[in-house]
Structure formats: structure tokens, C-alpha cells
Amino acid sequence: MSTPRLTTLPNGLRIVTEAMPGLASAAIGIWVDAGARHEAAAENGIAHFLEHMAFKGTARRSALRIAEEIEDVGGHINAYTSREMTAYYARVLAADVPLAFDILADILRHSAFEPREIEVERGVILQEIGQSLDTPDDVIFDWLQEVSYPGQALGRPILGAAERVGGFGREELAGFVARHYGPGRLIVAAAGAVDHDRIVALAGEHLGDLAPVAAPPPEPARFAAGERREVKRLEQAHVALALEAPGYRDPLVHTAQVHAVALGGGMSSRLFQKLREERGLCYTIFAQAAAYADTGTLTIYAGTGGEEVGQLLHLTVDELRRVAEDMSDAEVARARAQLKAGLLMGLESPSARVERLARLLSIWGRVPAVEEQVAEIEAVGVDAVRAHAGHLATAGQVALALYGPVQRAPGLGTMRARLAA
């Protein structure tokens, strides 16, 4: 495999690239170390609002012109907001990388924030929030995040609350950019048919004069075991629970990932086999491990019937406890293989590879070799997974969110007691 190259400009801007011989296209983007977690309570949703406004026009390009310029060359451009990052990225043919970079830098630095466009996009975002509220398996994860990290930016929704979004204006948008969009918090990443020196030159040309910013760090995460329950007439009871897991800088992060995959990461997993295949209690059930800078969560979600919700939750907790005792070598080996295959298959896409470059550089300040990541996954053994599962059960810190016909669902105290039994 090719080796990533990293350059840091005098102003602190980092540029990381990875050439992929044989490709005709490139993925390129600018990642900002600022997401929903970096918002004050009064500005919840503003990072996501900025993502939308990026494509609504700059000092020298209209919204239509941005779309036309990238699509005239057959490329596409997009953005996303997460809890800890905002990304602006494009996919184009090799010859059009300079154009893509020019557009990305333009929307990052020179978004016009015209009042009319703000109002138009406000309406779009409010529709997006409304759509999310009408989607139970979206609502349930926002609620779970809220009761896992109550009163914290990490627990607030990425989209923001409608009443907050309704008040953002040009001053608030520009202020968030001024506080957070500095070179030390930006990463330029590119993969595919790219030349590192050319990308460094483009970065220097478009972003080399940016001045550093001194944004305060986000507040430390404090996981709390809380519950939110709303009874509503729906066809299914939606249930989600979370336990605190390692953050992405914790040495146990790969153990937590292997544990989550073995528990509920596929059709052969414990939860799928025990609750769906053997008991028929649900159609969808899965577990996943999410990691942040200083914390993480093991999340389990299922959709079931109102009559079955109590049994499903009790059996889920039983499996959480049992894996600490009887997780097998075969289950752990299968989970490792799934994680390794997912990593390596993703590297076949320049878009996935550029995401990896930016994410790992943000986490570690370097890009670990793929072989290093694979070795860390392969080193996770059954004893480590059992010990991790036992720690989760002993800690007993469970957050719970329930929505729909959930009258028969056990409460948080019952879940804690059963987990610790």
C-alpha cells in the first residue's frame, strides 16, 4: 500500500495525502475540528446550519454557480456535520482537483451568508428537523444521546432544536466561523489520483494566509445513566440502550469494537441469533461502538412489539452479562475478521480513504499505517473481550430511551439490577 504524506504549513494548516496508483479520480476535502460538541447551548445546531450555508453562495459564486462548476466537470460536492467535526469535500477527475480545491476554499472562507439565503436554508433545516422527528429510529438515538450526556453539548442533537435554529442570523454564523475555522483546526486531505506537492501548493495559495484561532476546548464528557420514555401509538416499540465505552484514544478502543461486533454486528452475532432467529422478538437488532475524544458508547437498538418489549430488554441485558462469561474464541475471531475486512475493503475507495486520513490525523496527529491498525485488531483476544464485557456489566451504567407502545418496558432501575446480577 502507498504511504500517506503529511505537510504542515507555517500557519499550522495540516495537509495529508495518499496517492492511489491506477485511479483517474480524486477525493479532496477540508475537515474542521468543530462540530456540535463545540457549540454553546444557545447556538446548538449552528455547525450544521453552517454546513448548509456553505453551498448558498460566496462573494464570487452564487449557489447555482457552485453547483454548475462542479457538475460541469462531472464531479460532486457535499458536506456533513458530526459531533466533533465538520467536513466539506468533493470527488472529481484528477485534472479538476485545482477547481475543486478553489471551490472548497471559497465556501470555507467567503460564504456570503446573505439574509435571503439564510431564511431559505432555515426553512430547509426546519423541514429536516421535522422529518427527523417523524422518524422514530432517528428520534430514539437523539434521546439516547441526551440521557447519556445530559446538560452537555455532546448530548444535544446535531440538527439543533427548532427554536434555536429559528434565531440564527449572519452575525451568529460568521462568529462561529471566526472562533473555530482557524488553520490549526483545519485538515486538508486528498486521496486517489493526487500529487502531494501540488495539493500543498494549492493549500498554501488558498489557505496559507489564515490566522490562528484560540477556541476553547469542549467540556469533558460525563456519561450518566438516564432514561427517556414516551408512550405513543406506533406499530413498533423502539428501544435503545447505551453503556459507556472507551474513547478513540483509549488503548481498549479496538477491544470495544470487537465486543460490539460479536454482540450485535451481523447476522451471526449473539443478539441477532438469540433474539431474532431463536425467539422471533424483533426484525431489527444491532449493537455498535461509537468513540469520541474522551468517551465512547456501546449502543444497542431494537424495534419490537409492545407485548414483547419487556422480554426483549431482559434478554438483551442477559446477553450483555453472559458474554463476560462464555464469549468464544470463534466469535471473537469472526468479529475481528469483520472489522479487518471492513477496514481493508474501505481502502478501495478514495472517498473512504480520504475520510480515514483526516479522521486519524485529527485523533492522533499522524496517520497510522493500515498494517498497524490491522495488527491492533488482530491482537484482541477472547480474554480481553470477556474482561471488557465484565467491566460494562459491573459498572451498571445504563442509559435507556424508549418510544412507542413501551408501557410494558422495564425501568432503568430494573435494567441496572439485572445487569449487575
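Now for a description of the structure that goes with this document. (Residues numbered from 1 in each chain as written. Predicted model: local features only at pLDDT ≥ 70, side-chain atom pairs only at ≥ 80, totals over all residues. Heavy atoms only, no water.)

1. Thoughts on the environment of Ala401
Line of reasoning, step 1. In this structure, Ala401 sits in strand β11 (residues 398-404).
Line of reasoning, step 2. Sequence spacing of Ala401 and Asp106 is 295 residues, and the spatial spacing of their C-alpha atoms is 42 Å.
Line of reasoning, step 3. When near neighbours in sequence (up to four residues on either side) are disregarded, Ala401 contacts Ile140, Trp143, Leu144, Arg228, His238, Val239 and Ala240. (Helix = DSSP H or I, 4+ residues; strand = E, 2+ residues; numbered from the N terminus. Contact = heavy atoms within 4.5 Å.)

2. Examining the sheet that holds β11
Line of reasoning, step 1. In space, the 5 strands of this open sheet follow the order β7-β11-β8-β10-β9, with mixed pairing throughout. Of all strands in the sheet, those with a lone pairing partner are β7 (227-231) and β9 (282-291), marking the two edges. Across this sheet, the average inter-strand angle for adjacent strands is 10°, counted without regard to direction.
Line of reasoning, step 2. Strand direction decides the pairing type here: strand β8 (residues 237-245) and strand β10 (residues 296-304), joined by 9 bridges, are antiparallel. Within the sheet, the bridge partner assigned to Ala245 lies in β10 and is Gly296.
Line of reasoning, step 3. Where helix α5 (residues 136-148) meets the sheet, its contacts fall on β7, β8, β9, β10 and β11, and the angle it forms with β11 comes to roughly 150°. (Pairing = 2+ DSSP bridges. Axes fitted to C-alpha atoms, helices over the stretch in contact; angles between N-to-C directions.)

3. Some remarks on unusual backbone geometry
Line of reasoning, step 1. Even without being glycine, Phe113 reaches a positive phi, approximately 50°.
Line of reasoning, step 2. Examined against the element boundaries, Phe113 turns out to sit in the loop between α3 (97-110) and α4 (115-133).
Line of reasoning, step 3. By relative accessible area, which is 8% here, Phe113 ends up buried. (Buried < 20%, exposed > 50% of the residue type's maximum accessible area, 1.4 Å probe, protein only.)

4. Brief notes about the nonpolar core
Line of reasoning, step 1. One finds Ile28, Tyr88, Ile199 and Leu207 to be the most contacted residues of the largest nonpolar core, which totals 50 residues.
Line of reasoning, step 2. Residues within four places of Leu207 in sequence aside, it is in contact with Asn11, Leu13, Ile30, Phe101, Ala105, Leu108, Arg109 and Val188. (Core = buried A, V, L, I, M, F, W, Y, C linked by side-chain atoms within 4.5 Å.)

5. What about the sheet that holds strand β2 (residues 14-19)?
The strands making up a sheet associate through hydrogen bonds between their backbones, and the pairing can be parallel or antiparallel.
Line of reasoning, step 1. Within the open sheet, the 6 strands sit side by side as β1-β2-β6-β3-β5-β4. Their pairing is mixed. Sheet topology places β1 (5-8) and β4 (76-81) at the edges, where each strand pairs with a single neighbour. Strand after strand, the sheet turns through a mean of 15° between neighbouring axes, direction not considered.
Line of reasoning, step 2. Those strands touched by α3 are β3 (25-32), β4, β5 (86-93) and β6 (186-192), and its axis lies near 20° from that of β3.

6. Section: the side chain of Ser111
Line of reasoning, step 1. When you line up the elements, Ser111 lands in the loop between α3 and α4.
Line of reasoning, step 2. Judged by its relative accessible area of 13%, Ser111 is buried.
Line of reasoning, step 3. Within polar-contact distance, the side chain of Ser111 engages the backbone oxygen of Ile107 at 2.6 Å.
Line of reasoning, step 4. Leaving out residues up to four positions away in the same chain, Ser111 has contacts with Met53, Ala54, Gly57, Thr58 and Asp106. (Polar contact = N/O pair within 3.5 Å; in protein donor to acceptor, adjacent residues only side chain to side chain.)

7. Quick look at helix α15 (residues 382-395)
Line of reasoning, step 1. Taking 1.5 Å per residue, 14 residues should reach 20 Å; α15 reaches 20 Å between its end C-alpha atoms and fits that length.
Line of reasoning, step 2. Taken together, the buried positions of α15 are Val382, Val385, His388, Ala389, Gly390, Leu392 and Ala393.
Line of reasoning, step 3. Phi turns positive, to about 65°, at Gly396, one or two residues after α15. (Expected span 1.5 Å × (residues − 1).)

8. Looking at the packing of aromatic side chains
Line of reasoning, step 1. On inspection of all chains with the given rule, the structure shows 8 aromatic pairs.
Line of reasoning, step 2. Between the aromatic rings of Phe286 and Tyr301, the centroid separation amounts to 5.6 Å while the plane-to-plane angle is 40°, which identifies the pairing as tilted. Of this pair, Phe286 sits in strand β9 while Tyr301 is found in strand β10, placing the two residues 15 residues apart along the sequence.
Line of reasoning, step 3. The buried category is assigned to Tyr301, whose relative accessible area is 5%.
Line of reasoning, step 4. Ring pairs connect the aromatic residues Phe141, Phe286 and Tyr301, which therefore count as one cluster. (Phe/Tyr/Trp six-rings, centres within 6.5 Å; stacked < 30°, edge-to-face > 60°.)

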